[in-house]
Amino acid sequence: MDLVHCIYCSASTNEALSSEELEVLLEESRKNNEALNVTGMLLYHAGSFFQVLEGERAVVEGIYDKITKDSRHADLIKLIVEPIEERAFAKWTMGYPRVSAADLATIPGLNDFFTKGGSFLELEEGRAKTLLAAFKEGQWRSSLE
Ligand code: FAD
């Protein structure tokens, strides 16, 4: 299997996204992803999204293409697409962590980023990987729902 992860960030087009709207988004994503054997994680912070999609390359490319057309967000930046040996979020059809910006600001290497109110759109590949690691094997993994 040609297993990859695709990591991107984007700007929410709704500046005041409610938790109900986020729930709807997660629910439809989880239903679709389960059928496609796609796993991953979604973060929402300061009006921006950060998402990790994992699965078979052609399937991940297809779902990413569909996501890019969604009017709920804009300005997508594809940060990383690369082969992986195993999934980091195998148990999550789309994990969503219950953590605050203050919690995220304690991640070494990202303190400045979160305390200064940066959005995910300002992340580059290196800090995207630091963020990924905090949920893949770090202290925030247990916060994923
Ligand atoms: P349809 O409901 O037929 O959608 C038709 C079109 O309308 C699509 O272009 C869709 O993007 C758009 N659309 C659907 N609902 C809304 C809405 N409430 N507001 C505005 N436009 C809408 N889907 C996944 O399957 N897996 C994911 O991991 C995933 N992650 C996402 C992350 C983010 C940040 C966002 C914004 C969306 C995500 N989606 C995800 C949703 C995805 O973009 C599609 O809406 C979903 O897959 C259903 O698409 P569809 O064409 O099958 O359904």
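As shown above, the structure is provided for reference.
Residues numbered from 1 in each chain as written. Predicted model: local features only at pLDDT ≥ 70, side-chain atom pairs only at ≥ 80, totals over all residues. Heavy atoms only, no water.

S.K.: What is the right way to look at the site of the ligand in this model?
M.R.: Around the ligand sit 18 residues, and of these Asn32, Asn33, Gln51, Lys66 and Asp70 come closest. Separating a nitrogen atom of the ligand from a side-chain N or O atom of Asn33 is a distance of 2.8 Å. Within the side chain of Arg72, one N or O atom sits 3.1 Å away from an oxygen atom of the ligand. For the ligand, whose free accessible area comes to 880 Å², the fraction covered by protein is 67%. Here the ligand is seated within the largest pocket. Of all the secondary-structure elements, those providing two or more residues to the shell around the ligand are α1 (19–36), β3 (48–56) and α2 (57–68). By residue number, the principal contributor to the shell around the ligand is α1, which donates five residues. Residue composition of the shell around the ligand, by class: seven nonpolar, six polar and five charged. (Near = heavy atom within 4 Å. Polar contact = N/O pair within 3.5 Å; in protein donor to acceptor, adjacent residues only side chain to side chain. Areas by Shrake-Rupley, 256 points an atom, 1.4 Å probe, with all protein chains shown as cover. 1 Å grid on protein atoms, 1.4 Å probe; cavity = no way out; pocket = protein on both sides within 12 Å on 5 of 7 lines; lining within 4 Å. Sits in = over half its atoms within 2 Å of the grid points. Helix = DSSP H or I, 4+ residues; strand = E, 2+ residues; numbered from the N terminus. Nonpolar A, V, L, I, M, F, W, Y, C, P; charged D, E, K, R; others polar.)

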